[in-house]
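The chain contents come next:
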Protein chains: 2
Amino acid sequence: MSTIKDIARETGLSLATISKYLNGGHVLDQNRERIEAAITKLDYKVNYFARGLKTNRSMTVGVLLPTISSPFFGRVVAAMDGRLRQCGYHSIVCSYDFDPQLEQEQLRLLVNINVDAIVFVPQQIDAATLTSIVQNVPVVLVDRAIPDYRCDAVVADSLNAIYSAMEALFRKQHSRIGLIVGPQDISTARERLIGYRRVHEDYHIPVDEELIQVGNYDLESGYRLFNALMDLEQPPSAVCVTNYDMTVGAITAAHERGIALPEQVDFIGFDNIDLCQVVTPPLPFVEQPMDEMGREAARIVLQRLDGGKEPPQLLRLKSKLSHV
Amino acid sequence: MSTIKDIARETGLSLATISKYLNGGHVLDQNRERIEAAITKLDYKVNYFARGLKTNRSMTVGVLLPTISSPFFGRVVAAMDGRLRQCGYHSIVCSYDFDPQLEQEQLRLLVNINVDAIVFVPQQIDAATLTSIVQNVPVVLVDRAIPDYRCDAVVADSLNAIYSAMEALFRKQHSRIGLIVGPQDISTARERLIGYRRVHEDYHIPVDEELIQVGNYDLESGYRLFNALMDLEQPPSAVCVTNYDMTVGAITAAHERGIALPEQVDFIGFDNIDLCQVVTPPLPFVEQPMDEMGREAARIVLQRLDGGKEPPQLLRLKSKLSHV
DNA sequence: TACAATAAGCTAAACGTTTCGTTCTAATCT
DNA sequence: AGATTAGAACGAAACGTTTAGCTTATTGTA
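Residues numbered from 1 in each chain as written. Chains lettered and ligands numbered in written order. Predicted model: local features only at pLDDT ≥ 70, side-chain atom pairs only at ≥ 80, totals over all residues. Heavy atoms only, no water.

(A) Representation of the relation of the copies chain A and chain B. The two copies are related by a screw operation: chain A maps onto chain B through 180° of rotation and 0.0 Å of translation along the axis, at an RMSD of 0.1 Å. Here the two chains are linked by the operation of a two-fold rotation axis. The residues that chain A uses at the interface reappear at the interface of chain B in 100% of cases, marking a shared surface. (Least-squares fit on C-alpha atoms with pLDDT ≥ 70 in both. Contact = heavy atoms within 4.5 Å.)

(B) Main features of the pairing of strand β3 (residues 117-120) of chain B. Residues and elements named next belong to chain B. Residues Ala-117 and Val-119 of β3 are buried on one face, and the alternating residues Ile-118 and Phe-120, pointing to the opposite face, are buried as well. Bridge count for strand β1 (residues 60-65) against β3 is four bridges, and the pairing is parallel. Residue pairing in the sheet places Leu-64 in a bridge with Phe-120 of β3. Here three bridges tie β3 to strand β4 (residues 139-142), and the two strands are oriented parallel to one another. Note that in β4 the partner of Phe-120 across the bridge is Leu-141. Regarding topology, helix α7 (residues 127-134) serves as the crossover connection from β3 to the parallel β4, and that connection is right-handed. (Buried < 20%, exposed > 50% of the residue type's maximum accessible area, 1.4 Å probe, protein only. Helix = DSSP H or I, 4+ residues; strand = E, 2+ residues; numbered from the N terminus. Pairing = 2+ DSSP bridges. Right-handed = clockwise from strand over helix to strand, strands pointing away.)

(C) Quick peek at the environment of A:Leu283. Residue and element names in this part refer to chain A. Relative to the elements of secondary structure, Leu-283 occurs in the loop between α12 (273-278) and β10 (285-287). The exposure class of Leu-283 is buried, given its relative accessible area of 2%. Residues within four places of Leu-283 in sequence aside, it is in contact with Ile-251, Leu-261, Pro-262, Phe-267, Cys-276, Ser-322 and His-323.

(D) The arrangement of helix α10 (residues 219-230) of chain A in detail. For α10(A), spanning 12 residues, the distance from its first C-alpha to its last is 17 Å, which sits close to the expected 16 Å at 1.5 Å a residue. With respect to burial, α10(A) is a largely interior element, nine of its 12 residues being buried. Where α10(A) is concerned, the buried positions are A:Leu219, A:Ser221, A:Gly222, A:Tyr223, A:Leu225, A:Phe226, A:Asn227, A:Leu229 and A:Met230. Looking at the packing, one finds that the buried side of α10(A) touches β6 (177-181), β7 (212-214), β8 (238-241), α11 (244-256) and β9 (266-270) of chain A together with α12 (273-278) of chain B. (Expected span 1.5 Å × (residues − 1).)

(E) Layout of the sheet that holds β9(A). Residues and elements named next belong to chain A. Overall, mixed pairing links the six strands, which are arranged β7-β6-β8-β9-β10-β12 in an open sheet. With partners counted over all chains shown, the strands left at the sheet margins are β7 and β12 (320-321), one partner each. Two strands pair when backbone bridges link them, and β8 and β9 are joined in this way by three bridges, in the parallel orientation. Within β9, the position partnered with Cys-240 by the bridge is Ile-268. Sheet contacts for α11: β6, β8 and β9; angle to β9, the most-contacted strand, approximately 150°. (Axes fitted to C-alpha atoms, helices over the stretch in contact; angles between N-to-C directions.)

(F) Structural detail: the interface of chain A and chain B. Facing 44 residues of chain A, the contacting portion of chain B comprises 44 residues. Interface area, chain A with chain B, both sides summed: about 4100 Å², of which 64% is carbon and sulfur. Along the contact surface separating chain A from chain B lie two salt bridges. Salt-bridge contacts for A:Arg85 lead to B:Glu105; the nearest nitrogen and oxygen are separated by 3.3 Å. Mapped by element, the contributors of at least two residues to the side of chain A that touches chain B are α4 (48-55), α5 (71-86), β2 (90-95), α6 (100-112), α10, α11 and α12 of chain A. Partitioned by chemical class, the residues of the side of chain A that touches chain B number 19 nonpolar, 15 polar and 10 charged. (Buried area = accessible area lost by both parts, 1.4 Å probe. Salt bridge = Lys/Arg side-chain N within 4 Å of Asp/Glu carboxyl O. Nonpolar A, V, L, I, M, F, W, Y, C, P; charged D, E, K, R; others polar.)

Next comes the structure, spelled out in structure tokens:
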């Protein structure tokens, strides 16, 4: 591997000049050409470690997800990465596969490899542990908040999303609406349930607790809980499902029982654009603003990396209901 | 941030001794205690850049995927990461979102940040470009090979997987079997089609080209192509789908048409364990050895990182048919 | 013409580790 | 007791950059 010294020798210039060139500084045209020639000739690449050692920057943003196999997070990360890339940053992703132990370990890893900032979808970690691990690395939470932890966060407004979805169903004269919701230790899943209760209150419609089914956000629970709803003595006339995988499970269950969606049982899915659009007729679904979440996360990261000292902001982005 | 020098000062020992301790060397018990005390007191962390600069190692393996939202790759990566972690390595993931431009860029990124090895699921890149980018960083291909590129690779034996699946259907007296296969620029998708043709040859059953439907590996194409098959003048009596998302699409399409799987149309899915197991009755599916692929990829990576100079190995792992 | 201001390049120190070769200490052997 | 040796710690150089401070050359201005 050739170094900056080799380039200096080859061109007859000093280290400082080469370095200046590499970092976008101005050098004489004639020297610039010589440097560029030498770089290609010697196949020079700047040494990431040496540069990082001097500058204390890696130009890298670490992303930590509960799982790497989620279309939802995948889309958010893609949007974020695109934006960061424009500004010379790169993102690298880790996941903890829903393991609370690994959640902390991976966070430590990211800090250890000196990412300049962390974008994090938390699950179990508490405020104190997180603080002690990340020290002064900027953290932006995505999709979920952590109780009692003040920091930048970009989430979708789950409460209002469910609220509007339910309103749409109320307007169609449904009053028994099943809800398949996520684990209640996840902030946004809690909010979705709150939205469900609140809209009932506001419309003076009593909540039947049987209609609230709490799942694990996976396909199987969507399937199982849809069936559970239909097996009630008084099944709901409409069902609302609150994430991607559970939507697949619920639709499958409905199909299998020969229930026509939305004619026989009205239906609102979540996030699963592909499936909801592909079925006939297309089903309405709540679409969280994945791209916007990614872009906003990137914006906040860049702002922090730029030394921004504003107080932490909690960004609550609007979801939209595809159609009704 | 405190450095090794601060620890030296605090303990009265030399830099060399602290470094020795940090790297697992033997120091007097009494000194060990002093060092450990100082480390916690000063909250010392070794500087990743400085260490990397000296050692030329990052203890990090880069993973590059076509997309970050795939349950299949997610599982492979999880298995791999687990194994690498045991040996002190960590994996970081990037994706190129099916963009050939980004595929190269991300590869360069991984090389630039000095990952010790790269695990790569390629799509468009050609042998020459890849070689020129990765130089002497060990590369292990996963799930797919690259034409004319000799290097370590771990793939599932797609040809035989389809072969056995088809055999099972032949044995049940099906002779018109629809195939929904992936893009033919992906090596393993090609192999799946070859397997389909070969088993027909071997069983002396003519191939009706209409029954071969080429999709994009996404949900929509599974849905659309299943419908296309059913809309044929002579629809197949069985259908075989060859990846996760297309399996969802195909099952949905069948359900919608009121086709009972597998009674009315026999069916074999692919990879989608969740969905195929959840439907009633459970559907057979080809299960690629995701965990094994991950573990084997890790094993080869570790072997290379250990200086192994064996010729490149192409590992072809057996898939299994869940049941028939 | 003299002098300030600007531009370009240079020298050298620093970033925080690891490691080679050496010295010191104490234990073991004859 | 003296020679040998192993173990532990040490000193100093090196890894490949960036950058502050300085020198020199060039341009513009009074």
